[in-house]
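Coordinate inspection notes
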Amino acid sequence: PFAVGLFLLVPIIGFASAYLLSTRVRHAVDSLPLWVVTISHVWRFVGIGFVIGAVVNVLPVQLGYPAGLYDIAVAALCLPLAFAIRRRAFSPGLRTAFIAWNVFGLIDLIFAITIGVLFPSPSSGSSAPTTIRPPCMRRWPMPTGPGWRS
């Protein structure tokens, strides 16, 4: 749990510090078009892999299905949002959708990390919560986040 806290807090604190203390970083970040930042979330279609991992019993179903499906939803929703922002189709509805999409994406991230820490590998035969075991996901093709022994 302490490692998970560091995993989450160090990049956030590091980025926030760099943004606040460096005019170069602030200028670089502020010059990125919002639609580019939004469409960059298309990588979250990687959630398909989480669903497949649950189907083939490599990931706990409590993680694979919800985290995978939420990631797929976030990725799918980033496309119309990015295109609307690119077309400058600004409206109160777009602003609300953009905020809701961000909140949904953050909930997905927090959920996936929490469930990844709480559930053991399906192959362990245990239903007890587990701890993070590096190296992450030895058999899994995406070496990110909490991992399980295979």
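Just so you know, these numbers come straight off a predicted model, no measurement behind them.

Cut-offs used in this document
- Residues numbered from 1 in each chain as written.
- Predicted model: local features only at pLDDT ≥ 70, side-chain atom pairs only at ≥ 80, totals over all residues.
- Heavy atoms only, no water.
- Helix = DSSP H or I, 4+ residues; strand = E, 2+ residues; numbered from the N terminus.
- Expected span 1.5 Å × (residues − 1).
- Buried < 20%, exposed > 50% of the residue type's maximum accessible area, 1.4 Å probe, protein only.
- Contact = heavy atoms within 4.5 Å.
- Salt bridge = Lys/Arg side-chain N within 4 Å of Asp/Glu carboxyl O.

So, about helix H5 (residues 61-86). Side chains three or four residues apart in an α-helix point the same way, a direct result of the helix having 3.6 residues per turn. Relative to the 38 Å expected for 26 residues at 1.5 Å per residue, H5 spans 37 Å between its end C-alpha atoms, a close match to the ideal helical length. Of all the residues in H5, the buried ones are Leu63, Gly64, Ala67, Gly68, Asp71, Val74, Ala75, Cys78, Leu81, Ala82, Ala84 and Ile85. Of the surrounding secondary structure, the elements contacted by the buried residues of H5 are helix H3 (34-39), helix H4 (47-55) and helix H6 (92-118).

On to the pattern of salt bridges. Inspection of every chain in the model, using the stated rule, returns two salt bridges. A salt bridge links Arg44 to Asp71, with the shortest nitrogen-to-oxygen separation between them at 3.0 Å. In this pair, Arg44 sits in the loop between H3 and H4 while Asp71 sits in helix H5, placing the two residues 27 residues apart along the sequence. We note that Arg44, like Asp71, is buried. The exposure class of Arg44 is buried, given its relative accessible area of 8%.

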